[in-house]
Amino acid sequence: MKKYLLIMLFPAGLFAQNTIGLPDVINYSKQSYNGGLQNWDIAQDNNGLIYFANNEGLLSFDGKYWNNYALPNKTIVRSIHINKSNRIYVGGQDELGYFSSAPSGQLEYHSLVDLIPAAHRVFGDVWDIESVGNDVYFRTIKFIFKLSNGTMAVYFPTSQWDFLGISNGSIYAQDLKTGLRVFENNAWRILPGFSELPADDPVTAILSINSDSSLITTLKSGLFMLSRQGIKAQRSDNNELFKNERIYAATVINKDWIALATSNNGIYITDVKGTIIQSFSAAEGLQNKNVLSIYLDNQRNIWLGLDNGIDFIAYNSAIKQINPMAQGGSGYTALIYQNRLYTGTTNGLYSAPLQKTDDYSFSRGSFSAVNNTQGQVWSIAEINNHLLLGKHEGAFEIVDNTARSLTGSTGFWNFLPVSNTFPSATIIAGTYTGAVVFDFINDRFVPNTSISKFNESSRFLAIDELENIWISHPYHGIYKITKDASGLYQTKIYTDNKGLPSALNNHIFKINNQVLAATEKGVYSYNAPADVFEPDVYYSNLLGQQSVRYLKNDASGNLWFIHEKIIGVIDFSAKEPTIIYLPELNNKMLSGFEFIYPVNDSNIFIGGEKGFYHVNYKKYKNNIPDLKVHLRSVRAFSATDSLLYGGYFSNVNEPQVQPKNKVPSLEHDWKTIRFEFSTALYGYQANLEYSYRLKGYEEEWSDWTKRTEKEYTNLAQGNYFFEVKVRNNLGVESPVTVYKFEMLAPWYLSGLAVAIYLLLIAIVLWLFYRWLKQKFRLQRQKYEEEQKRLLYIHELERANAESELVTLRNEKLESDIAFKNAELASSAMHLVKKGELLTKIKADLTHVTKELQNPQATTVLKKMIKNVGEDDNMDKEWENFAKHFDTVHSDFLVTLKEKHPDLSGNELKLCANLRMNLSTKEIAQLMNISVRGVEISRYRLRKKLKLATETNLFDYLINI
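Keep in mind that what you see is a predicted model, and the values were worked out from it rather than measured.

Rules used in this analysis
- Residues numbered from 1 in each chain as written.
- Predicted model: local features only at pLDDT ≥ 70, side-chain atom pairs only at ≥ 80, totals over all residues.
- Heavy atoms only, no water.
- Axes fitted to C-alpha atoms, helices over the stretch in contact; angles between N-to-C directions.
- Helix = DSSP H or I, 4+ residues; strand = E, 2+ residues; numbered from the N terminus.
- Left-handed = near helix turned anticlockwise from the far one by under 90°.
- Contact = heavy atoms within 4.5 Å.
- Nonpolar A, V, L, I, M, F, W, Y, C, P; charged D, E, K, R; others polar.
- Salt bridge = Lys/Arg side-chain N within 4 Å of Asp/Glu carboxyl O.
- Buried < 20%, exposed > 50% of the residue type's maximum accessible area, 1.4 Å probe, protein only.
- Polar contact = N/O pair within 3.5 Å; in protein donor to acceptor, adjacent residues only side chain to side chain.
- Arc of directions from axis to C-beta.
- Parallel < 35°, antiparallel > 145°, perpendicular 65-115°, else oblique.
- Phe/Tyr/Trp six-rings, centres within 6.5 Å; stacked < 30°, edge-to-face > 60°.
- Pairing = 2+ DSSP bridges.
- Core = buried A, V, L, I, M, F, W, Y, C linked by side-chain atoms within 4.5 Å.
- pLDDT = per-residue confidence, 0-100.

Right, let's get into the packing of helix α10 (residues 905–915) against helix α11 (residues 920–927). Interaxial distance between α10 and α11 falls to 10 Å at its minimum, and their mutual angle equals 145 degrees. The crossing of α10 and α11 is right-handed. Packed against α10, whose contacting residues are Asn906, Leu910, Asn913 and Leu914, the element α11 presents Ile923, Leu926 and Met927 at the interface. Here the contact of α10 with α11 is built from residues that sort into 5 nonpolar, 2 polar and no charged.

Pairing between side chains becomes possible if they bear opposite charge and their charged atoms approach one another. Following the criterion strictly, the structure yields 23 salt bridges and no others. Glu784 is the salt-bridge partner of Arg780, the closest N and O atoms lying 3.3 Å from each other. With Arg780 and Glu784 both in helix α6 (residues 751–851), this residue pair falls 4 residues apart, about one helical turn. Where salt bridges share partners, they join Lys492, Lys498 and Asp531 into one cluster.

For the rest of this paragraph, the subject is the side chain of Thr345. Tracing the backbone shows Thr345 in strand β32 (residues 340–345). For Thr345, a relative accessible area of 0% gives the class buried. Here the side chain of Thr345 touches Asn347 through a polar contact of 3.1 Å, landing on its backbone nitrogen.

In this fold, Tyr720 is placed in strand β64 (residues 718–727). Relative accessible area serves as the criterion here: at 4%, Tyr720 is assigned to the buried category. Taking C-alpha positions, Tyr720 is 6.0 Å from Glu742, a pair spaced 22 residues apart along the chain. In terms of polar contacts, Tyr720 uses its side chain to reach the backbone carbonyl oxygen of Ala716, at 2.7 Å.

This brings us to α11. It helps to recall that an α-helix has 3.6 residues per turn; residues three or four apart then point in one direction. Looking at α11, one finds that the buried residues are Ile923, Ala924, Leu926 and Met927. The buried residues of α11 all sit within an arc of 165 degrees when viewed along its axis, so they share a single face. Once α11 ends, the next one or two residues include Asn928, with phi positive near 60 degrees.

Here α11 crosses helix α12 (residues 931–945) at 100 degrees, and the two axes come no closer than 8 Å. The orientation of α11 relative to α12 falls into the category roughly perpendicular. Contact residues: Thr920, Lys921, Ile923 and Ala924 in α11; Val931, Val934, Glu935 and Arg938 in α12. Here the residues of the contact of α11 with α12 sort into 4 nonpolar, 1 polar and 3 charged.

Taken as a whole and assessed by the stated rule, the structure comprises 69 aromatic pairs. Between the aromatic rings of Phe454 and Tyr479, the centroid separation amounts to 5.1 Å while the plane-to-plane angle is 75 degrees, which identifies the pairing as edge-to-face. Placement of Phe454 in the loop between β42 (444–450) and β43 (460–463) and of Tyr479 in strand β45 (residues 477–483) is noted, with a sequence separation of 25 residues between them. Here Phe454 matches Tyr479 in class, with each residue buried. Centroid distance Tyr712 to Phe722: 6.3 Å. Interplanar angle 70 degrees. Geometry classified as edge-to-face. Placement of Tyr712 in strand β63 (residues 709–713) and of Phe722 in strand β64 is noted, with a sequence separation of 10 residues between them. A network of ring pairs unites the aromatic residues Tyr645, Phe649, Phe675, Phe677, Tyr690, Tyr692, Tyr697, Tyr712, Tyr720, Phe722, Tyr739 and Phe741 as a single cluster.

A separate point is the environment of Tyr648. Tracing the backbone shows Tyr648 in the loop between β59 (641–645) and β60 (665–666). The spacing of Tyr648 and Ser279 is 369 residues in sequence and 37 Å in space, taken between C-alpha atoms. Only 2.7 Å separates the side chain of Tyr648 from the side chain of Tyr51, close enough to count as a polar contact.

A few words on the sheet that holds strand β4 (residues 57–61). What the 4 strands build is an open sheet, ordered β2-β3-β4-β5; its pairing is antiparallel. Only two strands of the sheet have a single partner each, and these edge strands are β2 (39–44) and β5 (66–69). Across this sheet, the average inter-strand angle for adjacent strands is 20 degrees, counted without regard to direction. Direction of pairing for strand β3 (residues 50–54) relative to β4: antiparallel, over a ladder of 5 bridges. Counted as the bridge partner of Asn54 is Gly57 from β4.

This part is about the pairing of strand β28 (residues 302–306). Of all 5 residues in β28, 5 are buried; the element is thus mostly enclosed. Burial along β28 is two-sided: Ile302, Leu304 and Leu306 facing one way and Trp303 and Gly305 facing the other are all buried. Pairing of strand β27 (residues 291–296) with β28, which is carried by 5 bridges, proceeds in the antiparallel orientation. The partner of Val291 across the bridge, within β28, is Leu306. Here β28 hands over to strand β29 (residues 309–313) after 2 residues, the two strands then running antiparallel side by side.

Okay, the nonpolar core next. If you look at the biggest cluster of nonpolar residues, it comprises 69 residues, and the most contacted ones within it are Leu341, Trp470, Ile508, Phe533, Leu551, Ile567 and Ile606. Not counting the four nearest positions on each side in its chain, Ile508 is found in contact with Phe460, Leu461, Ala462, Trp470, Ile471, Ser472, Ile478, Val515, Leu516, Ala517 and Phe533. In terms of nonpolar packing, the next biggest core, distinct from the first, is built from 27 residues, Val629, Leu644, Leu666 and Leu681 among them.

With that settled, consider the sheet that holds strand β35 (residues 377–383). One open sheet accounts for 4 strands, arranged β35-β36-β37-β38; its pairing is antiparallel. Looking at strand neighbours, the two that pair on one side only are β35 and β38 (402–405), the edges of this open sheet. Strand-to-strand twist in this sheet, taken as the mean axis angle between neighbours without regard to direction, amounts to 30 degrees. Alignment of strand β36 (residues 386–391) against strand β37 (residues 394–399), held across 4 bridges, turns out to be antiparallel.

Most of α10 sits inside the fold, with 9 of its 11 residues counted as buried. One or two residues past the end of α10 sits Asn917, with phi positive at roughly 60 degrees.

Now for the confidence of the model for the chain. Averaged over the chain, the pLDDT score is 88; the fraction of residues at 70 or greater is 93%. Note on residues 1–15: pLDDT is under 50 here. Beyond four places in sequence and across chains, it has 10 contacts.

Here is the structure:
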């Protein structure tokens with residue numbers, strides 16, 4: 001009984017040993033892809049998009065965006081196949097057909113049920129789809145349909161069809177009663193030769209191993225080999241295991257390995273003989289153990305369609321995870337010693353055997369705990385062929401898988417040999433409270449002494465070529481410890497007063513025999529002659545002044561560094577050093593306790609928050625998949641949204657280049673254009689950055705970003721070219737993907753509208769011209785009226801002025817006339833007085849003459865009387881008087897003479913005297929006549945003037 005149990009348990013123990021390193025597993029729940037629970041089949045097109053046969057339709061995934069395409073009858077999609085006709089054939093319940101690109105760029109379903117004879121259109125689920133040449137085969141339990149040249153042929157089983165598959169160019173089907181058949185000469189022929197396939201167990205996969213043999217997997221009977229000799233069971237120690245786990249699907253991994261998907265325990269990676277290489281189940285990160293479908297994509301990574309969800313195994317990734325403890329824990333240190341990998345964790349020291357393989361992550365085995373190492377492990381060191389362990393509890397040496405204490409002190413960080421000689425006679429150990437010196441005596445490490453007067457935590461240690469000890473404290477500075485001639489240790493501290501940017505966050509390392517300090521401002525080196533730290537020019541040119549927390553050089557001369565929570569490496573393998581970042585490990589390392597152990601280019605061990613990470617750096621640099629950006633959708637938004645492009649310019653397997661006849665023209669009402677893009681690199685999304693621009697709107701490329709969508713709003717009329725490209729963390733860029741579209745002018749800027757606008761503008765201009773003309777006419781009229789008014793006002797003012805001037809002149813004239821009249825009156829009075837005087841003189845002279853007795857005197861007096869009586873002077877004075885009189889009285893005498901030419905001189909004088917309003921007496925004196933003579937002269941004058949009786953002579957004369 002015990003022997004039987006041992007035999008039963010041996011295979012279980014055999015397969016329980018997995019590889020120590022496993023790739024990342026990414027889980028996609030039904031909430032992630034927004035579909036049904038179960039995923040029955042998987043396919044991939046030439047552009048890298050992956051498709052799943054899901055309970056709720058056909059799922060597609062591009063690395064960023066999921067889409068779900070339901071069948072018309074909303075049934076489960078059981079199978080997918082993409083053939084060379086660039087169609088995605090799918091099978092559901094009583095439904096089969098294909099998806100192809102619609103004019104909108106979306107996938108559009110085309111049913112083929114109408115090609116099936118009406119009597120066979122109730123056929124249940126389509127479980128398998130395969131193609132040979134241009135012929136496509138659909139398997140249901142009742143029928144196998146063959147689509148050829150637009151017609152559908154029907155093939156019937158003896159009992160039921162349980163499998164359909166292709167291997168080495170031939171298509172096979174399993175009739176559950178008669179066994180495996182091959183399709184030849186348009187018929188299903190039973191395979192000749194001996195067959196060990198059980199009659200009641202369905203075949204689940206048939207895989208090409210080489211040109212003349214295939215591996216067959218069955219649900220309950222394990223593995224079989226198909227060759228020209230027939231079908232025979234594959235003898236494997238794990239066949240019983242496979243029978244129990246039930247192989248539901250399988251795929252080829254490479255020429256030597258296959259992957260078996262089981263219903264009970266995830267998947268197994270085996271060789272063709274059934275030897276298990278790796279296994280993945282719930283413990284390795286799968287969502288559940290029931291795997292319905294498996295697929296190796298074009299990047300050689302594995303997709304699993306689960307009974308509940310979808311899992312992705314980054315199987316071809318150069319980065320693997322190592323978990324020494326089943327319960328989990330952080331990784332602090334690692335070391336390979338005597339063909340075993342030792343790992344120090346939060347829960348102790350563990351080790352696992354290593355096989356002779358280039359990539360140690362594929363070493364199969366289990367980690368086991370090293371005795372007496374429970375608790376926090378800080379470091380492992382191999383010195384003088386001894387394995388030393390630094391722990392929270394103290395310093396230990398590992399002997400026969402057991403930790404043996406070296407000292408009673410606790411809290412040891414690390415160990416370093418003081419000299420480069422072998423064996424090193426002295427080592428230094430950093431502790432929580434200083435540093436301890438150990439001597440190597442008789443093949444044993446013996447504690448000697450602690451460095452006096454130094455009690456700082458010494459987690460970061462370095463020994464320079466002069467055997468000076470350098471210790472850094474993240475919060476206090478860097479210490480240099482030297483040994484003087486007397487054997488005593490002297491300590492000196494370096495902070496910002498010795499060239500460092502500050503006393504904080506300085507970490508000391510020895511790189512290429514040079515003491516370097518990783519600081520908040522980059523890498524600093526020690527200048528011994530000046531005894532200061534200064535920025536290292538070489539590393540500053542490479543890393544700049546970014547903060548650096550950790551430095552480690554590998555055997556190839558590359559320098560690994562950690563900036564914040566980002567790990568990178570300065571690679572010196574090319575002519576010029578390049579910086580390569582590993583974004584897959586961002587934020588996964590232990591902050592403040594970073595650890596990198598570079599064994600060689602294929603084996604880099606890195607401590608993480610969850611165990612360790614193994615990096616095959618050589619593979620990482622060479623494992624560069626083709627980069628290509630897929631434009632997944634273009635949508636226009638206004639009050640609603642409209643899909644302009646659904647991800648397919650042409651058929652699914654063809655290059656997605658926009659044809660000239662598929663350049664959309666958008667109405668101006670669509671205010672927002674949204675682009676979604678992606679790169680179908682599964683498991684590498686953290687490594688990708690995108691840059692884009694919209695030509696016609698902007699000429700400069702955007703900064704590199706993780707964003708996979710871009711929106712533009714309120715674009716003006718014109719032709720636009722959206723361009724996008726992607727690059728990976730190695731600096732490799734993809735070709736540019738271009739999408740062209742045109743923004744139409746708004747209706748109010750269309751050709752007709754512009755013509756109407758021009759006409760309206762012409763009318764408006766004409767009306768404006770008319771209005772201006774009318775306005776100018778009115779303004780001119782108004783101006784003229786204003787000018788007339790102003791002229792009238794001016795004339796009035798001028799008239800008033802002239803009137804005033806006339807008045808003034810009149811007044812002046814009146815004044816002058818009055819003055820002249822006064823003068824004339826005075827002159828007239830003078831003449832009167834003169835006449836009176838002359839008359840008196842004449843009278844007096846006459847009187848004297850009469851009384852004078854002297855004849856001589858009398859003669860003289862008579863002569864004088866005669867002279868006085870002469871009127872020449874009187875006439876001359878009259879002429880002067882008449883001249884002045886006409887001047888004063890506006891040519892009165894001239895006018896009167898013209899009007900009455902028959903007037904005599906005396907009558908003119910009489911008129912002048914009357915005009916001057918002189919009295920009769922005054923007139924008589926002036927005219928030297930009597931008063932009676934004046935009145936007679938007036939009477940005669942009236943007659944000559946022909947005046948009526950009632951007319952006043954004076955008024956008549958005044959009016960002349």
